[in-house]
Amino acid sequence: MTAHATTGRHLLADFSGVRADLLADPQALERGMVEAAQAAGARVLSAHFHHFGAGAGVTGVVMLSESHISIHSWPEHRYAALDIFMCGAARPELALERLRARLAPESVRVTTVERG
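Calculation rules
- Residues numbered from 1 in each chain as written.
- Predicted model: local features only at pLDDT ≥ 70, side-chain atom pairs only at ≥ 80, totals over all residues.
- Heavy atoms only, no water.
- UniProt positions renumbered as here; feature names shortened; annotations may be inferred.
- Helix = DSSP H or I, 4+ residues; strand = E, 2+ residues; numbered from the N terminus.
- Buried < 20%, exposed > 50% of the residue type's maximum accessible area, 1.4 Å probe, protein only.
- Polar contact = N/O pair within 3.5 Å; in protein donor to acceptor, adjacent residues only side chain to side chain.
- Contact = heavy atoms within 4.5 Å.
- Salt bridge = Lys/Arg side-chain N within 4 Å of Asp/Glu carboxyl O.

Labelled according to an unreviewed UniProt entry, the chain appears under the name S-adenosylmethionine decarboxylase proenzyme, originating from Achromobacter denitrificans. Taken from UniProt, the Catalytic activity (unreviewed entry) comment for the chain reads in full: "S-adenosyl-L-methionine + H(+) = S-adenosyl 3-(methylsulfanyl)propylamine + CO2". Under the UniProt heading Sequence similarities (unreviewed entry), the note attached to the chain is "Belongs to the prokaryotic AdoMetDC family. Type 1 subfamily."

Next up, the structure:
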């Protein structure tokens, strides 16, 4: 077993300027987040996504052995808040890059918190 300096890294990302249709599709968001988790080397346990209706956003979480990835979207503002927390050998920055490529935000603000 590999020892790590911290328990995990927690990335908080604000994606602004995302196409509204991308932020209103729970199935596509789930697929993208599961793929992002796998690209980061994490093991997906389950996923749950909820769409709030026509013209509204999505909230969703992918539960991981290494913690979680979640999203809350506001298509009317072209904005999504992402939360990527991973421990062990998983690399949350790879998940973030996969989601950035998929959602193509005009701007991204990331805060990284070392946990543990």
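On to the side chain of histidine 68, then. In this fold, histidine 68 is placed in strand β4 (residues 67–74). For histidine 68, a relative accessible area of 17% corresponds to the buried category. A polar contact of 3.1 Å, which involves the side chain of histidine 68, links it to the side chain of serine 67. Apart from residues no more than four positions distant in its own chain, histidine 68 is found in contact with His10, Val61, Val62, Met63, Asp83, Ile84 and Phe85.

So, on to the side chain of aspartate 14. By the element assignment, aspartate 14 lies in strand β1 (residues 8–16). With a relative accessible area of 16%, aspartate 14 lands in the buried category. A polar atom in the side chain of aspartate 14 sits 2.3 Å from the side chain of arginine 109.

In this section: the UniProt feature "modified residue: Pyruvic acid (Ser)" (unreviewed entry) in the chain. According to UniProt, the "modified residue: Pyruvic acid (Ser)" (unreviewed entry) feature falls on Ser67. In this fold, serine 67 is placed in strand β4.

Let us look at the pattern of salt bridges. Inspection of the entire model under this criterion finds 7 salt bridges. Here glutamate 93 ties to arginine 9 by a salt bridge, and the two come within 2.9 Å at their closest N and O atoms. Of this pair, glutamate 93 sits in helix α3 (residues 92–103) while arginine 9 sits in strand β1, and the two are 84 residues apart along the sequence. A residue is classified by how much of its surface remains accessible, and arginine 9, at 24% relative accessible area, is partly exposed. Among the salt bridges present, the one from aspartate 14 reaches arginine 109, with a minimum N-O distance of 2.3 Å. Here the residue aspartate 14 occupies a position in strand β1, and arginine 109 occupies one in strand β6 (residues 107–115), the gap between them amounting to 95 residues. Take arginine 109: its relative accessible area is 57%, and that puts it in the exposed class.

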